[in-house]
Amino acid sequence: MHSPSRKEFVSLTFTGSGNYNNKQWRRQSCWRKWKQLSRLQRNLILFTVALMLVCGIATYPTVTEHFRGLTVVVKEDEGHVLKLVIPEVLPESDKQNQPLVPEPPSEKQKRPPHKRGPPGLQNRLQKKGTGAAIQVEENPIQEAKKADKEKGEKPLVKRGALIEADQATEGGTAKEAENKVAVPAVEQGDHSHEPEFDRLEAVRDAFRHAWKGYKEFAWGQDELRPISKSYGEWFGLGLTLIDALDTMWILNLREEFEEAKTWVSTELSFNKNVDVNLFESTIRILGGLLSTYHLTGDALFLDKAKDIGTRLMPAFNTPSKIPYSDVNIGKGTAHPPRWTSDSTVAEVTSIQLEFRELSRLTQDTRYRAAVDKVMQKVHKLEGKQDGLVPMFINTNSGQFTHLGVFTLGARADSYYEYLLKQWIQGGQKETELLEDYLQALEGVKKNLLKKSSPNSLTFVGELSHGQFSPKMDHLVCFLPGTLALGAHHGLPADHMELAKQLMETCYQMYAQMETGLSPEIVHFNMHEGSIRDVDVKLADRHNLLRPETVESLFYLYRFTKDRKYRDWGWEILQNFNKYTKVSTGGYTSINNVRDPEYPSPRDKMESFFLGETLKYFYLLFSDDPELVSLDKYVFNTEAHPLPIWPSAE
Ligand code: DMJ
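Residues numbered from 1 in each chain as written. Predicted model: local features only at pLDDT ≥ 70, side-chain atom pairs only at ≥ 80, totals over all residues. Heavy atoms only, no water.

(A) Looking closely at the packing of aromatic side chains. With the rule as written, the count across this model stands at 24 aromatic pairs. Centre to centre, the rings of W211 and Y214 are 5.3 Å apart; their planes meet at 35 degrees, and the pair counts as tilted. Taken together, the residues span about one helical turn, with W211 and Y214 both in helix α9 (residues 196–217) at a distance of 3 residues. For W211, a relative accessible area of 2% puts it in the buried group. Seen in terms of ring centroids, F316 and F355 are 5.8 Å apart; in terms of plane orientation they differ by 85 degrees. Their pairing is edge-to-face. One end of the pair, F316, is in the loop between α13 (299–312) and β6 (326–328); the other, F355, is in helix α15 (residues 352–362), with 39 residues separating them in the sequence. By the burial criterion, F316 is buried, and F355 matches it. Taken together, W570, F576, Y587, F609, F617 and F621 form an aromatic cluster joined through their ring pairs. The side chain of R254 reaches across the aromatic face of W249, ending 3.7 Å from its centre. The lysine or arginine in question, K450, covers the ring of F468, its NZ or CZ lying 5.0 Å from the ring centre. (Phe/Tyr/Trp six-rings, centres within 6.5 Å; stacked < 30°, edge-to-face > 60°. Helix = DSSP H or I, 4+ residues; strand = E, 2+ residues; numbered from the N terminus. Buried < 20%, exposed > 50% of the residue type's maximum accessible area, 1.4 Å probe, protein only. Lys NZ or Arg CZ within 6 Å of the ring centre and 35° of its normal.)

See below:
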């Protein structure tokens, strides 16, 4: 116990003396002073130092992210509104003032980390003060819904911070203004009075902008790198151009389509000594060419489809007939990845729609026979749990490997999607496919479906050797759309109910982020009393411009006509425009959806942004149910529509 007379304060003031310059004396004096402190005082100092260290380590990734994202600086404009500026895309005059290596952001430019959190909170936090804010922060969705209810509006989480960011873009350069999609000056989430025409035009503008970048800096190459105004090669086959063909047709961008078609007819050759991934080239290239053939009736695309389809066939020459992951389309040889003889389950079971259609069109049964055999084998395999499949399959033994791990995300996702879609494509006759689909859904409900806390969002987690993990990839957001599609084709109505619940969850994965864009992976909280539903790990904060949520919004809107799905899609489109659009052309993946000031561009526009994301946006906003009718077409997993076969076939 301390004596009551002893004063409990810390003083680090050193009294002056003649020995002031004597280091030895100073060291002793410091030590003496330290010893004179009470234990409480010393503990207090040690605790403060430790706290500072921990804070330093905790903020390190954010700081490094700022440095990693050196391509982005934030300027304060006249209106004191923070504005995103990408140096590479600045007008020449501004570029001269940019340091070669941008300086790290000043303190003024950074937002203190404690203000981070669901964006809807931040305004209220400022208005109400910290005490009230903590309460709000405990349940953002319910608070927002309550506020909506009080105002007599449809429940919708609003995003104050984004309105700010949107205003910020209004002060942009002439060049930026020229490229900017017209965003009506209305509060987000309330667009009920807007004509759909504006939204369709906004999607066409977004496509034109993306295409402008591709055309200028990556024409005929696989992927645009919009920040460095260059390109990246994967297969060397003009991936973005082929993936985007039917999107241009659907969006009625005929001039752009004709240019691309000329390239396909004069430049595209598959006679190349390159290794391509069987799955990726099937869904993007074969699928893209087949659907463009159907939409346009131009035989050029069928010829090209037949060429690439035939060149991919060596992948099936394996001991088990489960295909290898990679094929050299010039040499006609195939092989698994260097480190394993396994293939990914989703990859070998999500090439069927395309090869089956190729057989139907060419009357050459070999394509279909190869992919049907894979499905028949997988249908009978041991190692499933309630219809759920593991993620790997061995090309020698034909057996599943890495047993006991189940997900609807990466490496398994489109297996489930293609069970249903093959059944639909084939005229609902192949009952094994339907059985596997229905059984798998029961497996999902039994093993993977849970509710989050505090807002009871329904989500699909993962299972690893009996252990549940509340982790959900953005990729899983294909599921609401697939469930709704099944219900539309006569499967139980509760599939639609589940679709609606999961749709809300996928939307919240966007709405609860500061940029309004979903991260790649989220973790849901399940413990009672959790502050928020969704957590995001540092490594999972990126957004690759993926389509799955927009895809599902399209299906949900088509089947329910509930306008909220369009409004959610509209919010997402605007946020892509705010945080991923590069002024000189193109859109970029970003590293950090939690930081609207430093989203940190990755300098890559994936081909599926044009092939899928923008196409689904357009179809979501279109009032024409015959624009790719879901009674006549089934979309492959890369959003390329293929016909549902006439019942006789
Ligand atoms: C696309 O290539 C396809 O949608 C695939 O099924 C999953 N990954 C991407 C989009 O996210």
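(B) Broad picture of a positive patch on the surface. Taken together, the side chains of K321, K373, K377 and K380 make up a positively charged region of the molecular surface. Within the fold, K377 resides in helix α16 (residues 366–380). We classify K377 as partly exposed; its relative accessible area is 34%. (Patch = residues over 30% accessible without salt bridge, like charges linked within 9 Å, V, L, I, M, F, W, Y side chains within 5 Å. Areas by Shrake-Rupley, 256 points an atom, 1.4 Å probe, with all protein chains shown as cover. Salt bridge = Lys/Arg side-chain N within 4 Å of Asp/Glu carboxyl O. Lys, Arg positive; Asp, Glu negative; His and termini not counted. Charge placed at Lys NZ, Arg CZ, Asp CG, Glu CD.)

(C) Looking closely at the layout of surface pockets. By volume, the largest pocket amounts to about 910 Å³. Around the largest pocket, the lining is made up of 38 residues, and of these F279, E280, E347, A410 and R411 lie nearest the centre. Only α12 (278–296), β8 (342–344), α14 (345–348), α17 (413–425), α21 (548–560) and α23 (607–621) provide two or more residues apiece to the lining of the largest pocket. (1 Å grid on protein atoms, 1.4 Å probe; cavity = no way out; pocket = protein on both sides within 12 Å on 5 of 7 lines; lining within 4 Å. Points joined across faces, edges and corners; volume = space filled by probe spheres on them.)

(D) Summary view of the sheet that holds β8. The antiparallel open sheet is built from 3 strands, whose spatial order is β8-β9-β10. For this open sheet the edge positions go to β8 and β10 (400–401), each flanked by a neighbour on one side alone. Here strand β9 (residues 392–394) runs beside β10; their pairing, made up of 2 bridges, is antiparallel. What sits directly across from I393, in β10, is F400. (Pairing = 2+ DSSP bridges.)

(E) Looking closely at unusual backbone geometry. Cis peptide bonds are those with omega within 30 degrees of zero, and the linkage from S453 to P454 qualifies with 10 degrees. One non-glycine residue, K229, lies in positive phi territory at about 50 degrees. Position of K229 relative to the elements: it lies in the loop between β3 (223–225) and β4 (230–232).

(F) Seen up close, the environment of I351. Within the secondary structure, I351 is located in the loop between α14 and α15. By relative accessible area, which is 0% here, I351 ends up buried. Sequence separation of I351 and D372 is 21 residues, and the distance between their C-alpha atoms is 9.9 Å. Excluding anything up to four places from it in sequence, I351 contacts L278, F279, T282, F316, P323, V371 and Y418. (Contact = heavy atoms within 4.5 Å.)

(G) Summary view of the sheet that holds strand β14 (residues 462–464). Read from one edge of the open sheet, 3 strands run β11-β14-β15, paired in antiparallel fashion. Looking along the sheet, the strands with just one partner apiece sit at the ends: β11 (405–406) and β15 (467–469). Sheet topology note: the β14/β15 ladder contains 3 bridges and is antiparallel. Bridging across to β15, E462 finds its partner in S469. Along the sheet, helix α18 (residues 431–448) makes contact with β11, β14 and β15, crossing β14 at roughly 75 degrees. (Axes fitted to C-alpha atoms, helices over the stretch in contact; angles between N-to-C directions.)

(H) Here's a closer look at the site of the ligand. Lining the immediate surroundings of the ligand are I283, R284, L475, R546, P547, E548, F608, E612, T637 and E638. R546 places a polar side-chain atom, nitrogen or oxygen, 2.6 Å from an oxygen atom of the ligand. E548 places a polar side-chain atom, nitrogen or oxygen, 2.6 Å from an oxygen atom of the ligand. Protein coverage of the free-state accessible area of the ligand, which is 290 Å², stands at 91%. Here the ligand is seated within the largest pocket. Put simply, the parts of the chain that give the shell around the ligand at least two residues each are α12 and α23. (Near = heavy atom within 4 Å. Polar contact = N/O pair within 3.5 Å; in protein donor to acceptor, adjacent residues only side chain to side chain. Sits in = over half its atoms within 2 Å of the grid points.)

(I) Just the nonpolar core, in detail. L245, F355, L408, V460 and M472 are the most contacted members of the largest nonpolar core, which has 147 residues in total. By residue number, the principal contributor to this core is helix α20 (residues 493–511), which donates 10 residues. Every residue in contact with M472, bar those within four places of it in the chain, is listed here: F459, V460, C477, C506, M509, E520, I521, V522 and F524. (Core = buried A, V, L, I, M, F, W, Y, C linked by side-chain atoms within 4.5 Å.)

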